[in-house]
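# Structure assessment
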Amino acid sequence: MSILRRNNVRVTGATTGRPVVLVHGFGCDQNMWRLVEPLLAEDHPLVLFDYVGAGRSDLSAWQEDRYSSLDGYARDLVEVCEELDLRDAVVVGHSVSSMTGVLAAAAAPGRIGALVMVCPSPRYIDEDGYRGGFSAEDIDELLESLESNYLGWSAAMAPVIMGNPDRPELGEELTNSFCATDPDIARVFARTTFLSDSRKDLETVTVPTLILECEQDVIAPREVGAYVHAAVRGSELVTLDAVGHCPQLSAPEATASAIRAFLSSGVR
């Protein structure tokens, strides 16, 4: 099966320059980057794709055993980079895909040369000495609600995740994106996401890394951004003047500006 067709890969932007791979998070697809895309496209070749099971990917390629761990999603990313023969690419991962980027960078060091983590969280569940933002009971309830009534969960949770209640169209877009995902696939991805613990993986990062957090984010509170920043040696932490978990939609100019500044700093 063609990787490009399997993952609905799209290459756009400049024909020269350092390649940038934009990677969507849970319940989303590459369309979530559409407002940032034109702001980066002038100076960089851009690669966008859908994880298997998301967007316009080939759903027949989805396998529960593969996508029950973040390694499966990291393999998608690595295989796209290999298929396009990318070198020294910058992987921009949103939410859980920040951790996918970490795993992919370790697996394909020559192909991935820098990371941008947008609202990352290596662990969603609180533990002694670590605040992820949720108790174990919170996550159990979240997953139980999602598994029993995915469409209802999506309608209730997407606006909370998005934030920006004064801009309801943003919450509606995220709701529609969640609802467009096959519920059985979404249940697996949700468990993979919210039960993951990638804190040790942060110690493996050796490439230049930018961490973007929002002023307020119910999914990845600022304590998480500080933790990731401390765990990734030499990383840069930027707090966006934005609210919610999806600044690529709610604050695309600020998000793109921070990414451009990172790339133009001569990062290697």
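What counts and how
- Residues numbered from 1 in each chain as written.
- Predicted model: local features only at pLDDT ≥ 70, side-chain atom pairs only at ≥ 80, totals over all residues.
- Heavy atoms only, no water.
- UniProt positions renumbered as here; feature names shortened; annotations may be inferred.
- Helix = DSSP H or I, 4+ residues; strand = E, 2+ residues; numbered from the N terminus.
- 1 Å grid on protein atoms, 1.4 Å probe; cavity = no way out; pocket = protein on both sides within 12 Å on 5 of 7 lines; lining within 4 Å.
- Points joined across faces, edges and corners; volume = space filled by probe spheres on them.
- Nonpolar A, V, L, I, M, F, W, Y, C, P; charged D, E, K, R; others polar.
- Pairing = 2+ DSSP bridges.
- Axes fitted to C-alpha atoms, helices over the stretch in contact; angles between N-to-C directions.
- Contact = heavy atoms within 4.5 Å.
- Left-handed = near helix turned anticlockwise from the far one by under 90°.
- Core = buried A, V, L, I, M, F, W, Y, C linked by side-chain atoms within 4.5 Å.
- Buried < 20%, exposed > 50% of the residue type's maximum accessible area, 1.4 Å probe, protein only.
- Patch = residues over 30% accessible without salt bridge, like charges linked within 9 Å, V, L, I, M, F, W, Y side chains within 5 Å.
- Areas by Shrake-Rupley, 256 points an atom, 1.4 Å probe, with all protein chains shown as cover.
- Salt bridge = Lys/Arg side-chain N within 4 Å of Asp/Glu carboxyl O.
- Lys, Arg positive; Asp, Glu negative; His and termini not counted.
- Charge placed at Lys NZ, Arg CZ, Asp CG, Glu CD.
- Right-handed = clockwise from strand over helix to strand, strands pointing away.

### Points about the UniProt feature "domain: AB hydrolase-1" (unreviewed entry) in the protein chain
- According to UniProt, the feature "domain: AB hydrolase-1" (unreviewed entry) maps to residues 20-257 in the numbering used here.
- Along residues 20-257, the helical share is 43% and the strand share 16%, with 14 Å between the first and last C-alpha atoms.

### Description of empty space enclosed by the protein
- Evaluated as defined, the whole model comprises two cavities of 30 Å³ or more.
- Here the largest cavity is characterised by a volume of approximately 130 Å³.
- Looking at the largest cavity, it is lined by 15 residues, and the ones nearest its centre are Phe26, Ser95, Ile161, Phe178 and His245.
- Put simply, the parts of the chain that give the lining of the largest cavity at least two residues each are helix H7 (168-179) and helix H8 (183-194).
- Class assignment for the residues of the lining of the largest cavity results in ten nonpolar, five polar and no charged.
- There is about 70 Å³ of room inside the second largest cavity.
- What lines the second largest cavity is a set of 13 residues, among which Gly27, Gly53, Ala54, Thr181 and Phe189 lie closest to the centre.

### Brief notes about the sheet that holds strand E6 (residues 209-216)
- Read across the open sheet, the seven strands follow the order E1-E3-E2-E4-E5-E6-E7; overall the sheet is mixed. Every interior strand has two partners, whereas the edge strands, strand E1 (10-13) and strand E7 (236-243), have only one. The average undirected angle you get between the axes of adjacent strands in this sheet is 20°.
- Here three bridges tie strand E2 (residues 20-23) to strand E3 (residues 45-48), and the two strands are oriented parallel to one another. Bridged to valine 21 within E3 is valine 47.
- This element, helix H4 (residues 97-107), spans E2, strand E4 (89-94) and strand E5 (112-118) of the sheet and lies at about 165° to E5.

### What to know about the packing of helix H6 (residues 150-162) against H7
- Contact geometry for H6 and H7: axes closest at 8 Å, N-to-C directions at 145°. Taken as a pair, H6 and H7 cross one another with a handedness that is right-handed. Between H6, through Tyr150, Leu151, Trp153, Ser154, Ala155, Ala158, Pro159, Ile161 and Met162, and H7, the contact on the second element is made entirely by Leu170, Gly171, Leu174, Thr175, Phe178 and Cys179.
- Of the residues assigned to the contact of H6 with H7, the class counts are twelve nonpolar, three polar and no charged.

### A short note on the nonpolar core
- In this structure, Val21, Leu115, Met117, Leu174 and Phe178 are the most contacted members of the largest nonpolar core, which totals 67 residues.
- It is helix H3 (residues 70-83) that contributes the most residues to this core, seven residues altogether.
- Apart from the residues lying within four places of it in its own chain, the contact partners of methionine 117 are Gly93, Ser98, Met99, Val102, Leu202, Thr209, Leu210, Ile211, Leu212, Val228 and Val232.
- Counting 25 residues, the second largest nonpolar core, distinct from the first, contains Ala41, Val90, Val116 and Phe262.

### Overview of the environment of leucine 142
- Looking at the element boundaries, leucine 142 is found in helix H5 (residues 136-148).
- Residues leucine 142 and alanine 190 lie 48 residues apart in sequence; the distance between their C-alpha atoms is 9.4 Å.

### Regarding a negative patch on the surface
- Together, Asp126, Glu137, Asp138, Asp140, Glu141 and Glu144 line one region of the surface with negative charge.
- By the secondary structure assignment, glutamate 137 is in helix H5.

### Side note on the pattern of salt bridges
- One pass over the full model with this rule turns up 19 salt bridges.
- Taking the shortest distance from any N to any O, the salt bridge between aspartate 197 and arginine 199 comes out at 2.7 Å.
- According to the relative accessible area criterion, aspartate 197 is partly exposed, its value standing at 39%.
- Arginine 199 gets classed as buried once you look at its relative accessible area, which sits at 16%.
- Ionic contacts of the salt-bridge type, sharing partners, join the residues Arg6, Arg66, Asp76 and Glu79 into one network.

### A word on the pairing of E6
- With six of its eight residues buried, E6 lies for the most part within the structure.
- Relative to E6, E5 is paired through four bridges, and the arrangement is parallel. Directly across from methionine 117, in E6, lies its bridge partner isoleucine 211.
- The pairing of E6 with E7 spans six bridges and is classified as parallel. From the neighbouring strand, glutamate 213 faces E7, where its bridge partner is threonine 239.
- Between the parallel pair E6 and E7, the chain is carried across by helix H10 (residues 222-231), and the sense of this crossover is right-handed.

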